[in-house]
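Chain by chain, the residues:
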Amino acid sequence: MSAGYMGIDVWQARTEYVRSLLGERLGVQPQRILFVGSTTEALNLTARSIVWRSGDRIVVPADEFPSVAYPWAHASHAGARLVEIPIPSESDREARVLDAIGPGTRAVAVSHVHSRTGTVLDIERVGQACQAAGALLVVDGIQAVGAIPVTIGEEVDVYCAATFKWLIAGFGLAVLVVSDRALAAMEPAYRGYENPPPDRNLRYSHWNYPVIYALAAALEFLAEISPEVIYRRVAALGGRLADGVGRLGYTVAAAPGPRAGIVSFDPHVRDAEALVTDLAERGIDVAARGGLLRVSPHFYNTASDIDRFLGTLEELVPRR
Ligand SMILES: Cc1ncc(COP(=O)(O)O)c(C=O)c1O
């Protein structure tokens, strides 16, 4: 703070430290970790950098978060085609994605954890299908990193996640990891002093060092608690929530299987937003997403928070 530009070595040393912490957490070499401003920027940088060919298919579930769905549109200028696949039910999500991967598929873009329903995709399995078809797997991990164990394996080509959700580090930073296979298919959309041609590195300038400092503090704080303890806690609170919601007669939206931090369900009310406001007035913060009520407890929540939510829901929405 006092050294200004002359503090650059200190900023950069902190950045390398954060890259090493993240590398350990995500199972990747620290030098593979890049930073951008947001998940949306990471996805657009990816979509704009891949050198598209005529006939390429880009597979995206039709109900994806807008930042996963929209960045691919410009690829049509090169003759690529966006294939939006309907997801009729959460238990079909993975099968529908796998079925859509075939000849001509060049990229598949998915959320690791679906932001509306909470379904966790087996990105290893999807990645293997992508590799077999010669396609690149692009994963938005914003709802996964910090909530569930994430290992970015060989079969994932691009993985990105902002730090403001489950990593509790605030806005203005996202992690981006890109495989060599993906880099070989790219021509960086942005260029600068960090990646003069013919360098294929996607880093083009400085990163957001102040938020990198915030991320360092957050990662150290989370490490004190231990990521495994946090994952277990998130899973336990989610389980309690899912059981309670089931007892009240609602159906959890996510596909059966591994659970992340998001538990969503249709509250069967005319106005889910109004229900969110009613809950907020009682000190309970949840979200409405496409008609579903989305509840996302983190490690700082307790079993009694969950029980209070369930009790208040029962009070506000008479049993069906
Ligand atoms: C799946 C998903 N992707 C992306 C975002 C937005 O991330 P960012 O603001 O880092 O672009 C969100 C939510 O804010 C999200 O739920």
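One can find the structure itself at the top, above this paragraph.
The notes below deal with the structure included here. Since the model is a prediction, treat every value here as computed from it, not as a measurement.

What counts and what doesn't
Within every chain, residues take consecutive numbers counted from 1 along the sequence as written. Only residues with pLDDT of at least 70 are given local features in this predicted model, and only at 80 or more are side-chain atom pairs given and counted; all residues enter the totals for whole chains, interfaces and linings. The basis for every side-chain value is the complete set of non-hydrogen atoms in the structure, without hydrogens or water. A pocket here means an open set of points on a 1 Å grid, computed over the protein atoms alone, that has protein on both sides within 12 Å along at least five of seven lines. A cavity is instead a set of points where a 1.4 Å probe fits but cannot get out; residues with an atom within 4 Å of a point line either one. Grid points are joined across faces, edges and corners, and a volume is the space filled by probe spheres set on the points. The nonpolar class holds Ala, Val, Leu, Ile, Met, Phe, Trp, Tyr, Cys and Pro. Asp, Glu, Lys and Arg form the charged class, and all remaining residues, Gly among them, are polar. Any residue with a heavy atom positioned within 4 Å of a molecule or strand is treated as near that molecule or strand. Definition of a polar contact: a pair of N or O atoms within 3.5 Å, with one able to donate and the other able to accept a hydrogen when the atoms are protein atoms, and with sequence-neighbouring residues admitted only if both atoms are side-chain atoms. The Shrake-Rupley method, run with a 1.4 Å probe, gives the accessible areas here. Residue values count only the displayed protein chains as cover. Two strands form a pair only when DSSP identifies at least two bridges running between them. A run of H or I in DSSP counts as a helix once it spans at least four residues, and a run of E counts as a strand once it spans at least two, with each numbered from the N terminus. To get an axis, fit a line to the C-alpha atoms, keeping to the stretch in contact for a helix; angles then go from 0 to 180 degrees between the N-to-C directions. Here, residues are in contact when the closest pair of their heavy atoms is within 4.5 Å. Excluding any residue in a salt bridge, patches collect residues exceeding 30% relative accessible area, merging like charges within 9 Å and nonpolar Val, Leu, Ile, Met, Phe, Trp and Tyr side chains within 5 Å. When a carboxyl oxygen of Asp or Glu lies within 4 Å of a side-chain nitrogen of Lys or Arg, that pair is called a salt bridge. For every residue, the accessible area (1.4 Å probe, protein chains only) is compared with the maximum for its type, and the residue is labelled buried under 20%, exposed over 50%, or partly exposed between those bounds. As used in this record, nonpolar core signifies buried Ala, Val, Leu, Ile, Met, Phe, Trp, Tyr and Cys residues forming a set joined through side-chain atoms within 4.5 Å. Crossover handedness is defined here as right-handed if the route from the first strand over the helix to the second strand goes clockwise, with the strands pointing away from the viewer.

1. Overview of empty space enclosed by the protein
Step number 1: Applying the stated criterion to the full structure yields one cavity of 30 Å³ or more.
Step number 2: Along the walls of the largest cavity sit Pro-61, Glu-64, Arg-93, Val-110, Ser-111, His-114, Thr-119 and Leu-121, which together make up its complete lining.
Step number 3: When its residues are assigned to classes, the lining of the largest cavity shows three nonpolar, three polar and two charged.

2. Regarding the site of the ligand
Step number 1: Around the ligand sit Ser-38, Thr-39, Thr-40, Phe-65, Ser-111, Ser-115, Asp-140, Ile-142, Gln-143, Ala-162, Phe-164 and Lys-165, and that is every residue in its neighbourhood.
Step number 2: One of the side-chain nitrogen or oxygen atoms of Thr-40 is found 2.4 Å away from an oxygen atom of the ligand.
Step number 3: One of the side-chain nitrogen or oxygen atoms of Lys-165 is found 3.4 Å away from an oxygen atom of the ligand.
Step number 4: When the free accessible area of the ligand is taken as 400 Å², the share hidden by the protein chains comes to 85%.
Step number 5: In the shell around the ligand, the residues fall into four nonpolar, six polar and two charged.

3. Description of the sheet that holds strand S2 (residues 57-61)
Step number 1: The strand order S1-S7-S6-S5-S4-S2-S3 describes an open sheet built from seven strands, whose pairing is mixed. Two strands close off the open sheet at either side, each with one partner strand: strand S1 (33-36) and strand S3 (81-85). Along the sheet, successive strands turn relative to each other by an average axial angle of 20°, direction set aside.
Step number 2: The sheet contact formed by strand S6 (residues 158-162) and strand S7 (residues 174-178) spans five bridges and is antiparallel. When the bridges of S7 are listed, Ala-162 appears paired with Ala-174.
Step number 3: Along the sheet face, helix H2 (residues 39-49) touches S1, strand S5 (136-140), S6 and S7 and points at about 155° away from the line of S6.

4. A word on a nonpolar patch on the surface
Step number 1: A cluster of nonpolar side chains, Ile-168, Phe-221 and Tyr-300, forms an exposed patch at the surface whose accessible area comes to about 300 Å².
Step number 2: On the secondary structure map, Phe-221 appears in helix H7 (residues 209-225).
Step number 3: We classify Phe-221 as partly exposed; its relative accessible area is 41%.

5. Overview of the nonpolar core
Step number 1: Core analysis: the largest hydrophobic core is formed by 84 residues, its most contacted members being Phe-35, Trp-72, Val-108, Leu-137, Tyr-159, Leu-176 and Leu-215.
Step number 2: Tallying contributions element by element places H7 first for this core, with eight residues.
Step number 3: Look past the residues within four positions of Trp-72 in its chain and what remains in contact with it is Thr-46, Ala-47, Ile-50, Trp-52, Ile-58, Val-60, Leu-82, Ala-109 and Val-138.
Step number 4: Listed in part, the 21 residues of the second largest apolar core include Leu-237, Ala-272, Leu-275 and Val-276.

6. Some points on the sheet that holds strand S9 (residues 287-289)
Step number 1: Across the sheet, three strands lie side by side as S8-S10-S9; this open sheet has antiparallel pairing. The sheet is open, and its two borders are formed by strand S8 (263-265) and S9, each paired with just one other strand. For this sheet, the mean angle separating the axes of adjacent strands, direction not counted, is 30°.
Step number 2: Pairing of S9 with strand S10 (residues 292-295) involves three bridges; the strand directions are antiparallel. What sits directly across from Ala-288, in S10, is Leu-293.

7. Quick notes on the pairing of strand S4 (residues 105-111)
Side-chain direction in a regular strand flips from residue to residue, so the side chains alternate between the two faces of the sheet.
Step number 1: Among the seven residues that make up S4, seven are buried, leaving the element largely enclosed by the rest of the structure.
Step number 2: Sheet topology note: the S2/S4 ladder contains three bridges and is parallel. In the sheet register, Arg-57 faces S4, and the bridge partner there is Thr-105.
Step number 3: Summarising the sheet, S4 and S5 pair through five bridges and their orientation is parallel. Following the sheet pairing, Ala-107 is matched in S5 by Leu-136.
Step number 4: Handedness of the crossover joining S4 and S5 through helix H5 (residues 123-133) is recorded here as right-handed.

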